[in-house]
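Here's the letter readout for the chains.
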Amino acid sequence: MKYSFLWVLIVCLGCSSEQNRELTFIGGRIVNPNSNYVTLEHNDSVIDTIPLDKNNNFGYEFSQKEESIYTFKHYPESQNVYLKPGDSAVLRVNTLEFDESLSYGGNSSTENNFLISMFLLNEQDNDLILSYYKISPQNFIEKTDSILKLRFKNFERLKSNSKFTPYFENIAESIIEYEYYDMRERYAFLMKKYVPTKFEEFPEDYFDYRKGIDFNNPDLVPNFSYMRFLDNYLRNKSIEICQTENRDCFDLNNHQNLKRRLDLVHELFDNDFLRSNFFNRFIRREIVFSETEEQLAETSAIIKRFDLPAIDEEKLYQLVNIQSKYLIGENLKNLSLRTPGMDTIQLHQISKSKPTILYTWSAFSFEGKKNNLNTINELRNNYPEFNFLSINLDVQNPRLWINALKRFNYPPQTEYQVISDVPTNTYGFYQNYINRVYIIDKNYRLTNNSMSLFDPKLESHFSSLSSQ
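Now for a quick tour of the structure. (Residues numbered from 1 in each chain as written. Predicted model: local features only at pLDDT ≥ 70, side-chain atom pairs only at ≥ 80, totals over all residues. Heavy atoms only, no water.)

Some thoughts on the overall build of the chain
Okay, so step 1: The number of helices and strands found in the chain is 16 helices and 15 strands.
Okay, so step 2: A globule of 468 residues ought to have a C-alpha radius of gyration of about 23 Å, and the chain, at 24 Å, matches this closely.
Okay, so step 3: Seen along its three principal axes, the alpha-carbon backbone of the chain occupies a region of about 75 × 60 × 45 Å.
Okay, so step 4: Counting across all 468 residues of the chain, residues that qualify as buried make up 50%.
Okay, so step 5: Within the structure as shown, the chain displays about 22500 Å² of accessible surface, and the carbon and sulfur contribution to it stands at 48%.
Okay, so step 6: Once the 52 positive and 63 negative side-chain charges of the chain are each reduced to a mean point, those two points are 5 Å apart. (Helix = DSSP H or I, 4+ residues; strand = E, 2+ residues; numbered from the N terminus. Rg over C-alpha atoms; globule rule 2.2 N^0.38 Å. Buried < 20%, exposed > 50% of the residue type's maximum accessible area, 1.4 Å probe, protein only. Areas by Shrake-Rupley, 256 points an atom, 1.4 Å probe, with all protein chains shown as cover. Lys, Arg positive; Asp, Glu negative; His and termini not counted. Charge placed at Lys NZ, Arg CZ, Asp CG, Glu CD.)

Focus on the sheet that holds strand E14 (residues 437-440)
Paired through their backbone hydrogen bonds, the strands of a sheet run either parallel or antiparallel.
Okay, so step 1: Read across the open sheet, the seven strands follow the order E10-E9-E13-E12-E11-E14-E15; overall the sheet is mixed. Each edge of the open sheet carries a strand with a single partner, namely strand E10 (344-346) and strand E15 (446-451). The average angle at which neighbouring strand axes cross in this sheet is 35°, direction not considered.
Okay, so step 2: Note: strand E11 (residues 356-361) against strand E12 (residues 387-392), six bridges, orientation parallel. Its bridge partner lying in E12, Leu358 is registered against Leu389.
Okay, so step 3: Most of the contacts of helix H14 (residues 398-408) go to strand E13 (residues 415-418), to which it runs at about 165°, and overall it touches strand E9 (336-338), E11, E12 and E13. (Pairing = 2+ DSSP bridges. Axes fitted to C-alpha atoms, helices over the stretch in contact; angles between N-to-C directions. Contact = heavy atoms within 4.5 Å.)

As for the pattern of salt bridges
Okay, so step 1: This structure, assessed with the given rule, holds 21 salt bridges.
Okay, so step 2: As a salt-bridge pair, Asp87 and Lys84 come within 3.6 Å of each other at their nearest N and O atoms.
Okay, so step 3: Judged by relative accessible area, Asp87 falls into the buried class, the value being 3%.
Okay, so step 4: Across the pair Glu185 and Arg210 runs a salt bridge, and its minimum N-O distance is 2.9 Å. One end of the pair, Glu185, is in helix H5 (residues 166-194); the other, Arg210, is in the loop between helix H6 (196-199) and helix H7 (224-243), and 25 residues separate them in sequence. Taken individually, Glu185 and Arg210 each receive the classification buried, so the pair is uniform in this respect.
Okay, so step 5: If you follow the salt bridges from partner to partner, you end up with Glu123, Glu179, Asp182, Arg186 and Arg228 in one network. (Salt bridge = Lys/Arg side-chain N within 4 Å of Asp/Glu carboxyl O.)

Examining the nonpolar core
Okay, so step 1: Phe58, Leu230, Leu234, Phe269 and Phe278 are the most contacted members of the largest nonpolar core, which totals 112 residues.
Okay, so step 2: Top element by residues in this core is H5. It accounts for 15 residues.
Okay, so step 3: Within the second largest apolar cluster, 14 residues are counted, among which are Ile376, Leu458, Phe462 and Leu465. (Core = buried A, V, L, I, M, F, W, Y, C linked by side-chain atoms within 4.5 Å.)

Section: the sheet that holds strand E4 (residues 57-62)
Okay, so step 1: With mixed pairing, the four strands of this open sheet are ordered in space as E4-E1-E7-E8. Whereas interior strands pair on both sides, the edge strands pair on one side only; in this sheet they are E4 and strand E8 (103-106). Averaged over neighbouring strand pairs, the angle between their axes works out to 20° when direction is ignored.

Brief notes about helix H4 (residues 137-160)
For an α-helix, 3.6 residues make a turn, and residues three or four places apart therefore share a direction.
Okay, so step 1: Along its 24 residues, H4 runs 35 Å from first to last C-alpha, staying within 8% of the 34 Å computed at 1.5 Å per residue.
Okay, so step 2: By the burial criterion, the buried members of H4 are Pro137, Phe140, Ile141, Thr144, Ile147, Leu148, Arg151, Phe155 and Lys159.
Okay, so step 3: Those residues of H4 that are buried are in contact with helix H3 (109-132), H5 and H6. (Expected span 1.5 Å × (residues − 1).)

Details of the packing of helix H9 (residues 272-288) against helix H10 (residues 293-305)
Each pair of packed helices gets described by two things: the angle between the helix axes and the distance between those axes.
Okay, so step 1: With their axes 9 Å apart at the nearest point, H9 and H10 run at an angle of 160° to one another. When the axis of H9 is compared with that of H10, the two are roughly antiparallel. Considering how the two elements wind past one another, H9 and H10 form a crossing that is left-handed. Residues Phe279, Ile283, Glu286 and Ile287 of H9 form the contact with H10, whose participating residues are Leu296, Thr299, Ile302 and Ile303.
Okay, so step 2: Here the contact of H9 with H10 is built from residues that sort into six nonpolar, one polar and one charged. (Parallel < 35°, antiparallel > 145°, perpendicular 65-115°, else oblique. Left-handed = near helix turned anticlockwise from the far one by under 90°. Nonpolar A, V, L, I, M, F, W, Y, C, P; charged D, E, K, R; others polar.)

Things to note about the packing of H10 against helix H11 (residues 313-323)
Okay, so step 1: Where H10 contacts H11, the axes come no closer than 11 Å and their chain directions differ by 180°. Considering the angle they form, H10 stands roughly antiparallel to H11. On H11, the residues touching Leu296, Ser300, Ile303 and Lys304 of H10 are Glu313, Leu316, Tyr317, Val320 and Gln323.
Okay, so step 2: In terms of residue class, the contact of H10 with H11 is made up of five nonpolar, two polar and two charged.

Things to note about the state of the cysteines
Okay, so step 1: By the definition in use, this model includes one disulfide.
Okay, so step 2: Each sulfur in the disulfide pair Cys242 and Cys249 lies 2.0 Å from the other. The S-S bond linking Cys242 to Cys249 shows a torsion near -80°; that makes this disulfide left-handed.
Okay, so step 3: In this structure Cys249 comes out as buried when scored by relative accessible area, which is 2%. (Disulfide = S-S within 2.5 Å.)

Considerations on the environment of Ile50
Okay, so step 1: Inspection of the secondary structure puts Ile50 in strand E3 (residues 45-51).
Okay, so step 2: Ile50 sits eleven residues away from Thr39 along the chain, and the two C-alpha atoms are 5.8 Å apart.
Okay, so step 3: Beyond its immediate sequence surroundings of up to four residues, Ile50 is in contact with Asn36, Tyr37, Val38, Leu40, Phe58, Gly59 and Tyr60.

Notes on the side chain of Asp99
Okay, so step 1: With respect to the secondary-structure elements, Asp99 resides in helix H2 (residues 98-101).
Okay, so step 2: Of the side chains bearing the opposite charge, Arg228 lies closest to the buried Asp99, which forms no salt bridge; the N-O distance is 10 Å.
Okay, so step 3: Polar side-chain contacts of Asp99 include one of 2.9 Å to the side chain of Gln79.
Okay, so step 4: Once you skip the residues sitting within four places of it in the chain, Asp99 turns out to touch Ser78, Gln79, Ile116, Phe119 and Leu120. (Polar contact = N/O pair within 3.5 Å; in protein donor to acceptor, adjacent residues only side chain to side chain.)

Some words on the side chain of His74
Okay, so step 1: Among the secondary structure elements, His74 is positioned in strand E5 (residues 68-74).
Okay, so step 2: Within the local environment of His74, its side chain forms a polar contact with the backbone oxygen of Tyr37, the two atoms lying 2.9 Å apart.
Okay, so step 3: Ignoring sequence-local partners within four residues, the contact set of His74 consists of Ile30, Pro33, Asn34, Ser35, Tyr37, Val38, Leu52, Thr95 and Phe98.

Listed below in structure tokens is the structure:
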């Protein structure tokens with residue numbers, strides 16, 4: 001049985017230290033680990049870093065005052081786990097299909113397997129939304145109402161055969177409810193952006209659920225449906241405010257759009273964790289999508305204005321310093337890059353006075369890298385007058401990059417890694433810049449720093465450079 005090694009461990013713990021039965025235990029096995037440790041976190045605070053043994057197993061005991069949702073992380077993946085004081089929770093996961101392979105045993109296995117099943121169902125809703133946007137608002141309402149009723153019915157059946165605590169019942173029901181609200185927000189966004197005539201068919205009471213939203217519920221902070229709903233609500237609300245000013249409002253990384261969302265964060269959230277969480281997310285995007293010195297200066301001023309205890313201003317200013325080197329108009333002729341052979345080379349030695357396209361990736365997102373290869377090859381065929389260079393951002397671990405290149409047989413002649421002149425613990429470097437495109441003209445001037453490979457305006461920018 002796949003949990004046998006863990007059950008022996010749990011039984012031995014119970015036999016040898018009866019006095020510690022009040023301690024909570026979490027353990028498990030990581031198949032195909034990305035590193036030699038896992039972390040256990042609560043509300044973004046690390047409880048402890050837990051090493052894997054030679055068989056990739058781990059076990060950890062800690063004192064727990066009350067039941068709650070924790071976050072189990074094996075970088076870059078993470079998932080929620082429900083724990084009660086005195087629980088013995090075990091899990092097994094394969095990093096090649098992290099969410100799909102994750103399964104739980106132990107005292108709260110029913111609760112935890114419910115959480116992961118709901119997470120997977122909610123991920124499937126992403127595909128549903130992309131197909132449902134073609135139907136009428138009334139049909140969408142009927143279909144999502146049906147999903148809501150079915151999930152509540154299934155949970156009631158599970159609840160009748162289990163002994164859930166009131167806390168967990170509230171969490172479970174909130175997951176179902178906020179996923180339903182989030183589907184409505186995502187559908188509304190698609191209609192407004194792509195089929196605005198259909199938005200006119202929305203019933204007047206479509207957004208009535210917003211009246212009952214609790215924007216400051218600390219118990220729901222670990223609830224992925226709740227947090228995703230809040231994110232999409234802030235996006236939609238900022239667009240609604242923008243549309244009263246008769247402007248193009250759907251560039252989500254536009255500085256004005258991001259500032260509107262930051263104002264909403266300031267207005268809606270009293271909970272320190274939520275305020276800090278969303279502020280950090282949006283301020284980082286403001287920084288990395290800054291195109292001019294003026295925008296970067298405005299963003300720096302906002303950092304000072306938001307006086308929040310959970311904000312690490314020093315790390316944000318490190319990110320500001322990084323971005324200052326990649327503003328529109330900056331000359332990147334002497335940009336230093338690392339070759340797969342660990343040699344250092346400068347951009348002008350590669351591009352040979354041709355326009356250059358840099359696209360960024362991380363070994364932790366190699367699936368995205370693989371999916372981008374077809375797009376890159378197509379662009380290379382369409383624009384042979386450009387250099388297309390792949391830039392890896394794993395500055396802390398060059399070996400990770402090299403292993404990924406070998407594993408997927410990437411052509412070394414177009415693969416490079418950025419060389420960072422900032423501290424190696426720089427605040428989330430690759431997370432902030434991953435899957436970005438940087439367009440450089442033949443004189444090595446940066447002409448665009450805020451596109452992705454799938455931006456509809458990308459090729460028009462290429463064409464403008466080709467005609468110069």
